[in-house]
Amino acid sequence: MRSFLPLLGKELRALFYSPIAYIIIAVFLVLMGYSFTLTLFLNKFATLIHIFFQSAGLLFLLIPIITMRLFAEERKAGTLELLLTAPVRESQVVLAKYVASMAVVLAMIALTGAYGIVLAAFGSPDLGPIYSGYIGLALLASTLVSLGLIVSALTSNQVVAAIVTIGISFLLWTIDSLAGMLPEGLERILISLSLLAHFTPFATGALYTSDVGFFVSTTLLALFLAMRALARR
Amino acid sequence: MVTPVIVAENLTKYYGSRLAVDRVSFDVRPNEVMGLLGPNGSGKSTILRILTGYLRPTSGTASIAGYDVVTHGLDARGHVGYVPEDVPLYTQMRVNEFLEFMGRVRGLDTKRLSASVDEVVERLSLGRVRQLLISKLSRGYRQRVAIAQALLGKPKLLVLDEPTNGLDPRQIIEVRELIRTLSRELSIIVTSHILAEIERVAHRVAILLDGKLLSVHVLGGQDGQTRLRVRLRAADEAALRTHLGSVPGLSIIEAAPSLGIYVLDSAPGTAYAIQALVQGGFAIEEVSATGSGLEELFLRLTEGAQR
């Protein structure tokens, strides 16, 4: 713990002292604000379902931009050598980067809470689906951040890290589309791997422990693999 | 018996199928400066990276202050300060901020951290640039910052990978002096592909080629001996040996008779050795003081190994 806090501080400073975090948050809020306003005026329904799906889509593009530099930049600059030869555990380094990235993403998601407040002020939205939608977004973000961490731990090229993370994330989002073409056993496996299949219930107001378990376990597995990737030197 | 700070036994490292370090064994004693000398690609940096825990050896063991670098890596790394070759630093941080970060990562509590940062800032003369961004510093100052972070918390071992690379002559002299001063407090392992650099600072030198340790050489000048490199005209080696054998305090350390080059140890000093040679009727063409017979040894070993 003694080494974790300075590591976390360094990561937060790197994100918030540079324009990266602010630009990503600003772009996300502008696009979501535009979408929220447009949909509200057209549909006049007090719901955020469409916002949750559109947020998820944007997270697929923006999270890899946050995570691409985490290890790739340090490896290229040589500072990873400085860090890993200090008396710290690989797990502390990985967790510090994960927590700092999640802080940015959660701040970004939390700011869209203003839409819920607007709906509550001018209508009577069903709050259950709104809460579950936010829980789903946070869990989806956690899986995407940890996926980005593994990829970044395997390369020193930030662009490669971002593109590969986007590719893997989209494949996992839509992998259930392939299911219909496959035999029954494989079909079930593909559906169980689909991020979309596990996210949809959250966005529509249903909260299943199996979906929570899926996102938590994929996060833990990805973080573990990122630690292994770092340890394999 | 003195317990070594580093004990490396049969260290071997493969990168894929390429053998980078081949069964290298050596030790480093307290307050000793050990030089690793070898051409680029001879495995020097790989050995340092294994010792500092950045790379894992394919086989063999290494321990720092009694802690195995693989099985007790955290404890071993707690005793090491490391300055990698290209001096990587967090350039977006200020010098003070960076040193405090590295100190905290090394587990220093607030009280010790402040005292330790002040001490290294003073020692490396960083006071003037303490509040500056590292990205604004010159190469020389960056090198000082890198050494300063390595000294935080008083490690038992300082590991310097090519510490004079890219420095101007004045900065090279400063680094050399610093190594000498620091060796009174801790052990140092330093790499270089420049023979003269190693010769000036190290007590012992491990000569590496193609990942193999060819020899560990004790440098002269450590016990009050003056070591001279002389070039004689048309000298008969046997006659020279016979003559010097009768002169007390003089001995031949290395000989390259075909070139007329001899390395001599002279306890009474340079003038005494020259006088003895002249009295023996040997025509001296060149005399230079040398810390060792390292140059001759290095050429002989590396030529022999490459043949």
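Residues numbered from 1 in each chain as written. Chains lettered and ligands numbered in written order. Predicted model: local features only at pLDDT ≥ 70, side-chain atom pairs only at ≥ 80, totals over all residues.

**Some details on the overall build of chain B**
Phase 1: Counting its regular elements, chain B contains 10 helices and 14 strands.
Phase 2: Its C-alpha atoms give chain B principal-axis dimensions of about 70 × 45 × 40 Å.
Phase 3: With 307 residues in all, chain B has 44% of them scored as buried.
Phase 4: Of all intrachain contacts in chain B linking residues separated by at least 6 positions in sequence, the fraction that spans at least 24 positions is 69%. (Helix = DSSP H or I, 4+ residues; strand = E, 2+ residues; numbered from the N terminus. Buried ≥ 20, exposed ≤ 12 C-beta atoms within 10 Å, placed from the backbone. Contact = placed C-beta atoms within 7 Å.)

**Quick notes on the packing of helix H3 (residues 49-67) of chain A against helix H9 (residues 158-174) of chain A**
All names here are of chain A.
Phase 1: Contact pair H3 / H9: the axes reach a minimum separation of 9 Å and the direction vectors enclose 145°. Note that H3 runs across H9; the crossing there is right-handed. Of the residues in H9, those touching H3 at Phe60, Leu61, Pro64, Ile65 and Thr67 are Ala162, Thr165, Ile166, Ser169, Phe170 and Trp173.
Phase 2: Its residues assigned to classes, the contact of H3 with H9 shows eight nonpolar, three polar and no charged. (Axes fitted to C-alpha atoms, helices over the stretch in contact; angles between N-to-C directions. Left-handed = near helix turned anticlockwise from the far one by under 90°. Nonpolar A, V, L, I, M, F, W, Y, C, P; charged D, E, K, R; others polar.)

**Structural notes on helix H5 (residues 139-151) of chain B**
Residues and elements named next belong to chain B.
Phase 1: Compared with the 18 Å implied by 1.5 Å per residue over 13 residues, the 19 Å span of H5 between its first and last C-alpha is a close match.
Phase 2: Within H5, 10 of the 13 residues are buried, leaving the element largely enclosed by the surrounding structure.
Phase 3: Buried within H5 we find Arg142, Gln143, Arg144, Val145, Ala146, Ile147, Ala148, Gln149, Ala150 and Leu151.
Phase 4: Lining the buried residues of H5 we find strand E6 (80-83), helix H3 (95-105), helix H4 (110-123), strand E7 (157-161) and helix H6 (169-182).
Phase 5: Looking at the residues trailing H5, positive phi occurs at Gly153, about 80°. (Expected span 1.5 Å × (residues − 1).)

**Some remarks on the interface of chain A and chain B**
Phase 1: In this assembly, 19 residues from chain A lie in contact with 20 residues from chain B.
Phase 2: Partitioning the side of chain A that touches chain B into residue classes produces 10 nonpolar, four polar and five charged.

**Describing the pairing of strand E9 (residues 204-209) of chain B**
Residues and elements named next belong to chain B.
Phase 1: Counted residue by residue, E9 has five buried out of six residues, so it is predominantly covered.
Phase 2: Of the pairings in the sheet, the one linking strand E3 (residues 33-37) to E9 comprises four bridges and is parallel in character. From the neighbouring strand, Gly35 faces E9, where its bridge partner is Val205.
Phase 3: Once E9 ends, the chain turns through two residues before running back antiparallel as strand E10 (residues 212-218), passing Asp210 with a positive phi of about 50°. (Pairing = 2+ DSSP bridges.)

**Side note on H6 of chain B**
Side chains of residues three or four places apart in an α-helix project in the same direction, reflecting 3.6 residues per turn.
All names here are of chain B.
Phase 1: Taking 1.5 Å as the rise per residue, H6 with 14 residues should run 20 Å; its terminal C-alpha atoms sit 20 Å apart, in good agreement.
Phase 2: Within the sequence span of H6, burial applies to Val175, Leu178, Ile179 and Leu182. Taken down its axis, H6 places every buried residue within 100° of arc, on the same side. Those residues of H6 that are exposed and aimed more than 90 degrees away from the buried face are Pro169, Arg170, Glu177 and Thr181.
Phase 3: Elements in contact with the buried residues of H6: E3, H5, E7, strand E8 (187-192) and helix H7 (195-201). (Arc of directions from axis to C-beta.)

**A few points about the nonpolar core**
Phase 1: Membership of the largest hydrophobic core comes to 142 residues, with the highest contact counts inside it found for Leu140 and Leu149 of chain A together with Val159 and Ile189 of chain B.
Phase 2: Here this core takes 13 residues from helix H8 (residues 127-154) of chain A, the largest share from any one element.
Phase 3: Apart from the residues within four sequence positions on either side, Leu149 of chain A is in contact with Thr67, Leu70, Val94, Lys97, Tyr98, Ala222, Leu223 and Ala226 of chain A.
Phase 4: In this structure, Val230, Ala235, Val263 and Ala273 of chain B belong to the second largest nonpolar core, which totals 13 residues. (Core = buried A, V, L, I, M, F, W, Y, C linked by C-beta atoms within 7 Å.)

**Focus on the sheet that holds strand E11 (residues 226-233) of chain B**
All names here are of chain B.
Phase 1: If you trace the four strands from one edge of the open sheet to the other, you get E12-E13-E11-E14, paired in antiparallel fashion. Every other strand in the sheet has two partners, leaving strand E12 (250-256) and strand E14 (283-289) as the edge strands with one partner each. Strand after strand, the sheet turns through a mean of 30° between neighbouring axes, direction not considered.
Phase 2: One ladder, built from six bridges, connects E11 with strand E13 (residues 261-266); its direction is antiparallel. Bridge pairing in E13 places Val230 opposite Tyr262.

**Quick word on the confidence of the model for chain B**
Phase 1: When the pLDDT values of chain B are averaged, the result is 88; 95% of them are 70 or greater.
Phase 2: Prediction confidence for the complex, expressed as pTM and ipTM, is 0.83 and 0.85 respectively. (pLDDT = per-residue confidence, 0-100.)

**Some remarks on the packing of H8 of chain A against helix H12 (residues 209-231) of chain A**
Residue and element names in this part refer to chain A.
Phase 1: Running from N to C, H8 and H12 point in directions that differ by 15°, and their axes come no closer than 8 Å. Overall, the two elements H8 and H12 adopt an arrangement that is roughly parallel. Both H8 and H12 take part in a crossing whose hand is left-handed. The residues of H12 that touch H8, namely those facing Leu139, Leu140, Ser142, Thr143, Ser146, Leu147, Leu149, Ile150, Ala153 and Leu154, are Val212, Phe215, Thr218, Thr219, Ala222, Leu223, Leu225, Ala226, Ala229 and Leu230.
Phase 2: Tallied by class, the residues present in the contact of H8 with H12 amount to 15 nonpolar, five polar and no charged. (Parallel < 35°, antiparallel > 145°, perpendicular 65-115°, else oblique.)

**Quick word on the domain arrangement of chain B**
Phase 1: As assigned here, chain B comprises domain 1 (6-218) and domain 2 (226-291).
Phase 2: A C-alpha centroid distance of 38 Å is found between domain 1 of chain B and domain 2 of chain B. (Domains from an automatic or database assignment.)

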